[in-house]
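# Observations on the model geometry
These are the residues of each chain, in order.
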Amino acid sequence: LSMADFFRSLLGDENINDTLTPAMSGLYAIPADKLHFKSVFPHVGQISQFKTYWDFIKHVKAQRSKFLKTDPQGSVTFEGGMQGLINRLADILHKDVILNYQGPLKFSGNTIICTDAQTAAELLENNLPLVSAELKKIQYQPISTTTVFYKREIKSLKKAFGVLIPREANLHSIGVLNNKAIFPT
């Protein structure tokens, strides 16, 4: 079941295309019709347990309150960004982790491959052909970012986090993020 399938009867096709798909594309870099419902809401049991969308929203809200102890304000990250996490893990696990390994794969105990699925498929092709074949089925949505500076202020973005652009708008952009609103200076 995709996100689009689940919300279609509530939102309708037009709102799926104009709102849900741009939002999911902005968050997960994949359109709502390709994004599996369970990947976004893994804690939800059977979909049929909800008689109405209101029941679903109440359930999600109840689940959310179980997991959130504090309500962080603004963006949250590690000091120095996500690279700080990687560096710290490498420091702690240096005896058990090999970074940028270039040789042939040798499996002993647990082996974790930290690459994209296509590269992992190539690495595993000889040792684990069935796993390799499954990894080759994973598709990624191409995504790139561009930072643009304007000499004039865009008033509509002054307090907005960003703008999502529907696929049907025929613009080759998922959306626009207002970094100044996300990371105030």
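My aim in this report is to walk through the structure given alongside it, one point at a time.

Parameters and conventions
Residues numbered from 1 in each chain as written. Predicted model: local features only at pLDDT ≥ 70, side-chain atom pairs only at ≥ 80, totals over all residues. Heavy atoms only, no water. Helix = DSSP H or I, 4+ residues; strand = E, 2+ residues; numbered from the N terminus. Contact = heavy atoms within 4.5 Å. Phe/Tyr/Trp six-rings, centres within 6.5 Å; stacked < 30°, edge-to-face > 60°. Buried < 20%, exposed > 50% of the residue type's maximum accessible area, 1.4 Å probe, protein only. Salt bridge = Lys/Arg side-chain N within 4 Å of Asp/Glu carboxyl O.

What follows is about the environment of V60. Mapped onto the elements of the fold, V60 is located in helix α3 (residues 53–67). The spacing of V60 and H43 is 17 residues in sequence and 8.5 Å in space, taken between C-alpha atoms. Non-local contacts of V60, meaning those with residues more than four positions away in its chain, are made with F41 and H43.

Attention now goes to the packing of aromatic side chains. Given two aromatic rings, their pairing is described by the distance between the two centres and the angle made by the two planes. Tallied over the full model, the rule gives nine aromatic pairs. The interplanar angle of 70° and the centroid separation of 6.0 Å between the aromatic rings of F7 and F56 together place this pair among those described as edge-to-face. In this pair, F7 sits in helix α1 (residues 3–28) while F56 sits in helix α3, placing the two residues 49 residues apart along the sequence. Given a relative accessible area of 12%, F7 falls into the buried group. F56 gets classed as buried once you look at its relative accessible area, which sits at 4%. Taken together, a centroid distance of 5.7 Å and an interplanar angle of 45° make the contact between F37 and F56 tilted. With F37 in helix α2 (residues 37–40) and F56 in helix α3, the pair connects residues that are 19 residues apart, well separated along the chain. Among the aromatic side chains, those forming a connected cluster through ring pairs are F6, F7, F37, F41, Y53 and F56.

Turning our eyes to something else, we now look at the pattern of salt bridges. Across all of its chains, the model carries five salt bridges by this definition. Residue R8 pairs with D5 through a salt bridge whose shortest N-O separation is 3.2 Å. Of the two residues, R8 and D5 both sit in helix α1, three residues apart, roughly one turn of that helix. Accessibility expressed as a relative area gives 32% for R8, which makes it partly exposed. For D5, a relative accessible area of 42% translates into the label partly exposed. Among the ionic pairs, E125 bridges to K136, the shortest N-O distance being 2.5 Å. You can see E125 sitting in the loop between α5 (117–124) and α6 (129–136) and its partner K136 sitting in helix α6, a full 11 residues away along the chain. Take K136: its relative accessible area is 40%, and that puts it in the partly exposed class. One connected set of salt bridges, linked through shared partners, spans D5, R8 and D13.

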